[in-house]
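Observations on chain architecture
Each chain is listed here by its residues.
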Amino acid sequence: MMIEYLIPVVLLLMLIAASIRILPEYKRGVIFFLGRFQAVKGPGLIIVIPGIQQMSVVDLRVITMDVPEQDVISQDNVTVKVNAVLYFRVVDPEKAIIKVENFTVATSQLAQTTLRSVLGKHDLDEMLSERDKLNNDIQEIIDAQTEDWGIKVANVEIKHVDLNESMIRAIARQAEAERERRAKVIHAEGELQASKKLVEAANVMAENSAALQLRYLQTMSDMSNKNASTIFFPLPMDIMEAFRHLKASPAAKARDDAREAATGRPNDLGEG
């Protein structure tokens, strides 16, 4: 008699044990009743009747997916190998189970095709210098297409853009030429600024001969600090004025001769 009562009790306990499910905080259970969607339950304790109800568990945490290396031909016909990393999570467990067979595989395939199509519309220089813009474009396209699957793409990051050796050497030559161009431009701008400052200094010195005399003495002082055997003889600036009068134009010389004839006195710089 005891065995007759014991068997149903054991079967009931086994049924209860098989019906109990415990889901952690980051998981949800999609319940199907006789094959039809019933509800999304969790976290915590969930009762699932075996044979009548089925439950598919979905992880709501962010999934990090490595997008395999893809061969991409850029818009300027350069072949590169590009890989990336994709961050996404499930926001609607019902759609993630019902709308797509395997949302992880589907998202991976979509990321690979989107990576090739988006990068193929840009030049190599844009791939190397505008990664943030390309990341945003890829993320927006994948997110728009996975929205019906209940998936939210948080971020896409391009990790590596691998080039062949010949292209690397070409880019190095281009960078070297660019640096030489900038150096020449900077040197030319320096010469232009220096010439403007020299003109300003010459105009200042022309207004006062004493300034030119002080500059002359300063130059001799700077040169005397070095270990040199050169001997300097200070030359008064008034003598330079006399030489300048000697190089006067014929018209000015004619005026001086006329003045001499009128006053009866020879010029200071006459020939004797």
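Residues numbered from 1 in each chain as written. Predicted model: local features only at pLDDT ≥ 70, side-chain atom pairs only at ≥ 80, totals over all residues. Heavy atoms only, no water.

Relative to the assigned elements, Glu 140 resides in helix H5 (residues 131-146). The class of Glu 140 is exposed, set by a relative accessible area of 51%. (Helix = DSSP H or I, 4+ residues; strand = E, 2+ residues; numbered from the N terminus. Buried < 20%, exposed > 50% of the residue type's maximum accessible area, 1.4 Å probe, protein only.)

For the protein chain, per-residue confidence averages 82 on the pLDDT scale, and residues scoring 70 or more make up 78% of the total. Highest mean pLDDT in the protein chain belongs to helix H2 (residues 93-98) (94); lowest belongs to helix H8 (residues 237-246) (60). Low pLDDT (under 50) marks residues 268-272, which in the prediction has 3 contacts with non-local residues, meaning those over four places away or in another chain. (pLDDT = per-residue confidence, 0-100. Contact = heavy atoms within 4.5 Å.)

The next point concerns the sheet that holds strand S3 (residues 36-41). In spatial order, the strands read S3-S2-S5; together these 3 strands make up an open sheet with antiparallel pairing. Single-partner strands in this sheet number two, and they are S3 and strand S5 (53-59). Across the sheet, the axes of successive neighbouring strands diverge by a mean angle of 25°, strand direction being ignored. As defined by bridge partners, strand S2 (residues 27-33) adjoins S5 across 7 bridges and the pair is classed as antiparallel. Bridging from a neighbouring strand, Ile 31 pairs with Met 55 of S5. (Pairing = 2+ DSSP bridges. Axes fitted to C-alpha atoms, helices over the stretch in contact; angles between N-to-C directions.)

Our focus in this paragraph is the pattern of salt bridges. Within this structure, the stated rule accounts for 8 salt bridges. Here Asp 59 and Arg 61 are joined by a salt bridge, their closest N and O atoms 2.8 Å apart. Note on Asp 59: relative accessible area 23%, which makes it partly exposed. With relative accessibility at 44%, the residue Arg 61 sits in the partly exposed group. Glu 178 is paired through a salt bridge with Arg 182; the nearest N and O atoms lie 3.2 Å apart. Placement of the pair is Glu 178 and Arg 182 together in helix H6 (residues 165-207), with a separation of 4 residues, close to one helical turn. Here the salt bridges do not stand alone but share partners, grouping Glu 178, Arg 181 and Arg 182 into one network. (Salt bridge = Lys/Arg side-chain N within 4 Å of Asp/Glu carboxyl O.)

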